[in-house]
Amino acid sequence: MRHLWSFLAGLVVAPVTWVLVALGQDGSGRTIDRWVELGTFNTANLIEPAVYLGVAGLLFGLVGMLRVSPLGPLVAGLLLAAPYVGMLVAPFDVRDRLPDNWKVFGDPLPLLLPVRNGTLFLIGVALLVAVFSGQRWRRWPRPAPVPETGPTASAEEPPFALTDFDGPARTDDRDTPPLSLGYPDEPPTEPLPRRTAGASPWSQPPRSAERDDAD
């Protein structure tokens, strides 16, 4: 597809460049000759032909310098160089076939002028030389696709250390002593003696053996 678009661009750029160069050279030449006759100059008169020549140079640069298909510069170069080559074979026939009464925006269009002074042949040869650039025959390099890799457990670390909120590691339940409300240094108290049957719960509790010995 890029060869087709380049071919169409060459077909369009060649005649447009020819017309712009003819308008620019004719307007520039007549303006400078007028300055010489009057002995004074006004640079504003040279703006219009300068624009014609600038646009022609821009088109020539786009086709000849950019990395496009070589088919476009080849077609444009052959079309622009052909009239001057025809002057080498049959100059009078080529001169008679080129119209000299056309006008663009009210200005005369001398298509023979860039052919006669060799400007058209110069541009055509420059485009033909651009065809031999090796970079034009290659496609634009495409970046290699980067494989998408998901995050792995070994590559990433947690932002904080995980701690055990349940306390220290537990040992075997059989080795754990029972919980006691007493102080650890005091010996465990002896259980109170049982009451005899028929005794009132409001009666004085029986004394322990240690208190009887003390009395």
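As the structure is a computational prediction, the values presented were derived from the model and not from experiment. (Residues numbered from 1 in each chain as written. Predicted model: local features only at pLDDT ≥ 70, side-chain atom pairs only at ≥ 80, totals over all residues. Heavy atoms only, no water.)

Participant: Give me the overall build of the chain: which residues, what numbers.
Facilitator: Of the regular secondary structure elements, the chain holds 7 helices and 2 strands. Along the chain direction, N to C, the helices and strands of the chain fall in the order α-α-α-α-β-β-α-α-α. Burial analysis of the chain (215 residues in total) assigns 22% to the buried set. Put simply, the chain shows about 17,300 Å² of open surface, and 63% of that area lies on carbon and sulfur atoms. (Helix = DSSP H or I, 4+ residues; strand = E, 2+ residues; numbered from the N terminus. Buried < 20%, exposed > 50% of the residue type's maximum accessible area, 1.4 Å probe, protein only. Areas by Shrake-Rupley, 256 points an atom, 1.4 Å probe, with all protein chains shown as cover.)

Participant: Describe the environment of Ser69, listing the residues and the values that go with them.
Facilitator: Residue placement: Ser69 occurs in the loop between helix H2 (47–65) and helix H3 (71–89). Each C-alpha atom, one on Ser69 and one on Arg2, is 6.4 Å from the other, the two residues being 67 residues apart in sequence.

Participant: Go over helix H6 (residues 119–131) with me, naming the residues and quoting the values.
Facilitator: With 13 residues, H6 extends 19 Å between its outermost C-alpha atoms, agreeing within 8% with the 18 Å of an ideal straight helix rising 1.5 Å per residue. Among the residues making up H6, those that are buried are Leu120, Ile123, Gly124, Leu127, Ala130 and Val131. Taken end-on, H6 shows its buried residues confined to a sector of 120°, consistent with a single buried face. Relative to its buried face, H6 has exposed residues pointing more than 90 degrees away, namely Leu122 and Val129. Check the buried side of H6 and you find it contacts helix H1 (2–38), H2, H3 and helix H5 (112–116). (Expected span 1.5 Å × (residues − 1). Arc of directions from axis to C-beta. Contact = heavy atoms within 4.5 Å.)

Participant: Run through the pattern of salt bridges, naming residues and quoting values.
Facilitator: Pairs can form between side chains of opposite charge whenever their charged atoms are close. Per the stated rule, a full pass over the model turns up 2 salt bridges. In this structure, Asp26 engages Arg30 in a salt bridge whose closest nitrogen and oxygen atoms are separated by 2.9 Å. Residue Asp26 and its partner Arg30 are both found in helix H1; the two are separated by 4 residues, about one turn of the helix. (Salt bridge = Lys/Arg side-chain N within 4 Å of Asp/Glu carboxyl O.)

Participant: For the packing of H1 against H2, give the residues involved together with the corresponding values.
Facilitator: The interhelical angle for the contact between H1 and H2, taken along N-to-C directions, is 150°, at an axis separation of 8 Å. Accordingly, the angle class assigned to the pair H1 and H2 is roughly antiparallel. Both H1 and H2 take part in a crossing whose hand is left-handed. Within the contact between the two elements, H1 uses Val13, Val16, Thr17, Leu20, Val21, Leu23, Gly24, Gln25, Gly27 and Ser28 and H2 uses Pro49, Tyr52, Leu53, Val55, Ala56, Leu59 and Val63. Of the residues that constitute the contact of H1 with H2, the class distribution is 12 nonpolar, 5 polar and no charged. (Axes fitted to C-alpha atoms, helices over the stretch in contact; angles between N-to-C directions. Parallel < 35°, antiparallel > 145°, perpendicular 65-115°, else oblique. Left-handed = near helix turned anticlockwise from the far one by under 90°. Nonpolar A, V, L, I, M, F, W, Y, C, P; charged D, E, K, R; others polar.)

Participant: So, the environment of Leu59: which residues are in play, and what are the values?
Facilitator: Looking at where Leu59 falls in the secondary structure, it is placed in helix H2. Along the backbone, Leu59 and Thr17 are 42 residues apart, and their C-alpha atoms lie at a distance of 7.1 Å. Not counting residues up to four positions away in its chain, the partners in contact with Leu59 are Val13, Val16, Thr17 and Leu20.

Participant: Let's hear about the packing of H1 against H3: which residues, and what values?
Facilitator: Where H1 contacts H3, the axes come no closer than 7 Å and their chain directions differ by 30°. Accordingly, the angle class assigned to the pair H1 and H3 is roughly parallel. For the pair H1 and H3, the crossing hand works out as right-handed. Between H1 and H3, the residues in contact are His3, Ser6, Phe7, Gly10, Leu11, Ala14 and Trp18 and Leu71, Gly72, Pro73, Val75, Ala76, Leu79, Leu80 and Pro83, respectively. Classifying every residue of the contact of H1 with H3 by side-chain character gives 11 nonpolar, 4 polar and no charged.

Participant: With reference to specific residues and values, describe H3.
Facilitator: Relative to the 27 Å expected for 19 residues at 1.5 Å per residue, H3 spans 26 Å between its end C-alpha atoms, a close match to the ideal helical length. Most pronounced at Ala82, the bend in H3 amounts to some 40°, and the proline Pro83 follows within four residues. Buried-residue contacts for H3 involve H1, H2, helix H4 (91–97), H5 and H6. (Bend = angle between axes of the 7 residues up to and from the residue.)

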